[in-house]
Amino acid sequence: MRNAFTRYYSVILALIAWEAAARLVDNKVFLPTLTAVAATLGQLVLSGELMTHTAASTFRAVSGFAAAAAIGIPLGIAMGWYRSCENFFSPLVSLSYPVPKIGLIPLFILWLGIGNISKIAMILAAAIYPVVLSTYTGVKGTPLYVVWSARSLGASEGEVLRKIIFPYALPHILTGLRLAMGISWILLFAAEMIAAQSGLGWLILYAERMLDTPTVFAALVTIAVLGFLFDRLILGISERLCDWYTERTA
Amino acid sequence: MSAEPTPILTCHGISKEFQDGGRTVLALHDIHMQVLPGEFVVLLGPSGCGKSTLLYLMGGHLTPSAGEMRMHGEPIVGPSPKRGMVFQDFALFPWLTVRENVGFGLSLRWARHRIESRDAQIDRLIGMVNLRGFENAKPRHLSGGMRQRVAIARALATDPEIVLMDEPFGALDAQTRDGMQRELMRIALETNKTIVFVTHSITEAVLLADRVVVLTARPGRIKKIVPMDLPRLRWNWRNDFSQRFLELIGLLEELLSSEIHDSVEEGMSGKTR
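Residues numbered from 1 in each chain as written. Chains lettered and ligands numbered in written order. Predicted model: local features only at pLDDT ≥ 70, side-chain atom pairs only at ≥ 80, totals over all residues.

Caption draft 1: Representation of the sheet that holds strand β1 (residues 9-20) of chain B in the model. Residues and elements named next belong to chain B. Taken in spatial order, the 4 strands line up as β2-β1-β4-β5 in an open sheet, and their pairing is antiparallel. The two strands at the open ends of the sheet, each matched to only one other strand, are β2 (23-35) and β5 (74-75). Sheet topology places β1 next to strand β4 (residues 66-71); 5 bridges connect them, and they run antiparallel. Bridge pairing in β4 places T10 opposite R70. (Pairing = 2+ DSSP bridges. Helix = DSSP H or I, 4+ residues; strand = E, 2+ residues; numbered from the N terminus.)

Shown next as structure tokens:
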């Protein structure tokens, strides 16, 4: 209990500050109070609206994230392991990384239509970079003698990749996945600007137009909580899998 | 000379060049030597003489620029579980337990069908290197000496014909190093393995070796091959200040000191040039 408090008391302080500031301002459109937002959230939950939007958004964010992981991890391993792949992909990655992905919205609509595919592709396009770069860094950092040890024990090329390179790079890969998860939720909003009918991003846009600031905040809080939960999930997985890496030696 | 045993490993005129930022550096030049079955060969030389490079060539991790490395007459084309490796910084798999590290080689595809009673084999090796009770520990919880024992057991697990050791005790403190040398000698006698061992410590060479191959400063050439004509387990000899033990140390010191001297002069003249 005390542990939970020391862990999250900064959040509680921020919420108290918000409530105090909102009471001082005393303008629901300018800055609604925490209690007002909570009330709106309650209504959205009861009406089932929040569930619909959350489901739609989570599906998009997680699909984009999963695609980024599914393509980014093998690509990062290939780039870190095979010189030819590094030579081929490295300049392409550096060149395309700084391109603002939100600026590609019209192109994604043009190429992939206005359905979920273009939204997921949008998230994928942004979330793949931290996955590729972290995986690549992790593979590059595998000590040569560790690889040689495995080879002199009779490991084939595939076994070296699966049993040595992948586990050695795993802490870096999971860091990349954490960054990608965060980016997926950020990009979700941009993606749902593409002719969406549902989703938390769409809800924000819609409520803004109605000057319904409490609903805007309710949706923002929901995204924050979802992002937090998924981040903690990945963090928990990496602490479990990579105890050899995260735990400091005495 | 008909009783001469056939060598396990032979180096035929081995040379090795490296590319260092556009410059070609000759690390080893025209090495001719052989390793006989059951022998403990120490490669001794000043630092940077290419003795580790020679070991990696024997392991098949590097390929020679000239000459040929052969095992039982067959050219060495890459690493093989017939030649176990032990490195100075242990090179353990940090995400695996002691048991999984030792058993790694046996868990690979080539070994899965060939070797039965893998568990018994791993148990025996863990016992041999005195790590009972630490089977489920991960490397980070072990001391340097214990880590190196895991590495030795791991290298022995695939039952290699020859074990190649690259300054295996170089990262250990003096006391641990002393204990590990004795343990290695015990294991060598117990398993009757052929060992090639790289070091820059003269005492270590005299304590362990049947033959010491003294290399020159870069580029490494064979300066002299010195047989250690003392019986194995030389700790008692050292305690008794055996005349021969001290003579051998003196001989190697002399061979090596001229090399260290030369390499220092070379470095200095290189600077003023």
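Next, the rest of the story.
Caption draft 2: Quick peek at helix α7 (residues 144-152) of chain A. Buried within α7(A) we find V146(A), W148(A), S149(A), A150(A), R151(A) and S152(A). Of the surrounding secondary structure, the elements contacted by the buried residues of α7(A) are α8 (157-191) of chain A together with α1 (51-59) and β6 (83-86) of chain B. A positive phi of about 100 degrees marks G154(A), the residue just after α7(A). (Buried ≥ 20, exposed ≤ 12 C-beta atoms within 10 Å, placed from the backbone. Contact = placed C-beta atoms within 7 Å.)

Caption draft 3: Focus on the interface of chain B and chain A. Chain B puts 22 residues into the contact, and the matching count from chain A is 15 residues. Of all the elements in the fold, those that place two or more residues in the side of chain B that touches chain A are β6, α3 (104-107) and α4 (109-112) of chain B. Here the side of chain B that touches chain A is built from residues that sort into 12 nonpolar, 5 polar and 5 charged. (Nonpolar A, V, L, I, M, F, W, Y, C, P; charged D, E, K, R; others polar.)

Caption draft 4: How the structure looks around the domain arrangement of chain A. Residues and elements named next belong to chain A. Taken domain by domain, chain A holds domain 1 (1-31) and domain 2 (32-246). Measuring from the centre of the C-alpha atoms in domain 1 to the corresponding centre in domain 2 gives 28 Å. Every contact between the two is made by 8 residues of domain 1 and, on the other side, 7 residues of domain 2. Looking at the side of domain 1 that touches domain 2 residue by residue, the classes come out as 5 nonpolar, no polar and 3 charged. (Domains from an automatic or database assignment.)

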